[in-house]
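# Structural description and commentary
Residue-level listing of the chains:
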Amino acid sequence: MKLFHFLSEEYALKALKDQRLKVSRFSDFNDPFELTSMTLDDKFNRTVINENKKKIDNLFRVLCCSASWNSPLLWGHYGDKHKGVALELEVPNKAAEAIRYRKSRENVDLEKLFSQKDNEAKRKFFELCTTKYIEWSYEDEYRVHLMDDEFYHDSGHDFFDLEGQIAIKGIIIGAMNKTLTKSNIQQALPLGHEISVTTSSVAFKSFNIVQKKDKPTYLVKGES
């Protein structure tokens, strides 16, 4: 499936050059309700969830993506205020999990859920962990969850290499980016790699980010 990952121009060029992407802990995210889509008015539930949040935070890293790149909010929040880029990624369907959105938190008997210890209970807990408040739905988010043997630590950050099933297939340049050039991309790309480049712009009749009309998508091949 095709997904989009937003970041600054600087880190996008590094990702192309090194063929790797930075991944995050859940505790790094900007949502204080992360992993807590269930009601927690019960003390037992709060204790169980806090313990599991710590375990999950240590075991997993996450690559956050969106199903499209047209939302100005996505660019404003994650694309360096429209001066960054969106990387077009090719991701296997089974590797990405769609985030669910709800208007209210779900009432769940966690004591009963955890006592079951079967596949259905695991599925339900995972569903709770991938559910967010409905006002986040503009992100149309998908996540790639990585276990501790699928990422590595380098210079204070966690990364995973793009040598497996996930690949960068294209770049969408932010509507307010004035610095990223074809030459920059060619120099960053490894020899033999090829990606598409699309230049974005603000739409004339809607509040969307769209492809710039006088800038057709073009291909760039690596020369480094």
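Please refer to the structure placed before this passage.
The notes below deal with the structure included here.

Definitions and cut-offs
Residues numbered from 1 in each chain as written. Predicted model: local features only at pLDDT ≥ 70, side-chain atom pairs only at ≥ 80, totals over all residues. Heavy atoms only, no water. 1 Å grid on protein atoms, 1.4 Å probe; cavity = no way out; pocket = protein on both sides within 12 Å on 5 of 7 lines; lining within 4 Å. Points joined across faces, edges and corners; volume = space filled by probe spheres on them. Helix = DSSP H or I, 4+ residues; strand = E, 2+ residues; numbered from the N terminus. Nonpolar A, V, L, I, M, F, W, Y, C, P; charged D, E, K, R; others polar. Buried < 20%, exposed > 50% of the residue type's maximum accessible area, 1.4 Å probe, protein only. Arc of directions from axis to C-beta. Disulfide = S-S within 2.5 Å. Pairing = 2+ DSSP bridges. Salt bridge = Lys/Arg side-chain N within 4 Å of Asp/Glu carboxyl O. Axes fitted to C-alpha atoms, helices over the stretch in contact; angles between N-to-C directions.

## Re the layout of surface pockets
Remark: the empty space left among the atoms is shown by a probe the size of a water molecule rolled over them. Computed from the structure, the largest pocket encloses a volume of approximately 930 Å³. Forming the walls of the largest pocket are 35 residues, and the residues nearest its centre are His-5, Phe-6, Leu-7, Lys-22 and Ser-24. Those elements that place two or more of their residues in the lining of the largest pocket are strand 1 (2–7), helix 1 (9–18), strand 2 (20–23), strand 3 (61–66), helix 3 (72–78), strand 8 (141–146) and strand 10 (157–161). No other element matches strand 3, which puts 5 residues into the lining of the largest pocket. Class assignment of the residues belonging to the lining of the largest pocket gives a composition of 14 nonpolar, 9 polar and 12 charged.

## Things to note about helix 5 (residues 119–129)
A turn of α-helix holds 3.6 residues, and therefore any two residues three or four places apart point the same way. The complete set of buried residues in helix 5 reads Ala-121, Lys-124, Phe-125, Leu-128 and Cys-129. Along helix 5, the residues classed as buried sweep out an arc of 140 degrees about the axis, all on the same side. Exposed residues lying more than 90 degrees from the buried face of helix 5 are Asn-119 and Lys-122.

## Examining the state of the cysteines
Evaluation of the coordinates by the stated rule reveals 0 disulfides. The cysteine Cys-64 is free of any disulfide, with Cys-65 supplying the nearest cysteine sulfur at 7.3 Å.

## Topic: the pairing of strand 8
Where burial is concerned, most of strand 8 is hidden: 5 out of the 6 residues are buried. Where strand 5 (residues 96–98) lies against strand 8, 3 bridges are found, and the strand directions are antiparallel. Residue pairing across strands places Ala-96 opposite Val-144, the latter belonging to strand 8.

## Some thoughts on the pattern of salt bridges
For the structure on display, the rule yields 16 salt bridges. Among the salt bridges present, the one from Glu-10 reaches Lys-14, with a minimum N-O distance of 3.5 Å. A residue pair is termed a helical-turn pair when its members lie 3 or 4 positions apart in one helix, as Glu-10 and Lys-14 do in helix 1 at 4 residues. In this structure Lys-14 comes out as partly exposed when scored by relative accessible area, which is 42%. Between Arg-100 and Glu-97 there is a salt bridge whose closest N-O contact spans 3.1 Å. Classification of Arg-100 by relative accessible area gives partly exposed; the value is 30%. When salt bridges that share partners are traced, they join Arg-102, Glu-106, Glu-120, Arg-123, Lys-124 and Glu-127 into one network.

## Focus on the sheet that holds strand 10
Pairing is antiparallel in the open sheet, where 3 strands are placed in the order 2-10-9. Unpaired on one side and paired on the other, strand 2 and strand 9 (152–154) mark the two borders of the sheet. Direction aside, the axes of adjacent strands within the sheet are offset by 45 degrees on average. Pairing geometry for strand 9 and strand 10, over 3 bridges, is antiparallel. Looking across to strand 10, one finds that Asp-154 is bridged to His-157.

## So, unusual backbone geometry
A positive phi is found at Leu-35, a non-glycine position, where the angle reads about 70 degrees. Here Asp-80, not a glycine, exhibits a phi torsion of approximately 50 degrees, which is positive. Looking at the element boundaries, Asp-80 is found in the loop between helix 3 and strand 4 (85–90). In this structure Asp-80 comes out as partly exposed when scored by relative accessible area, which is 36%.

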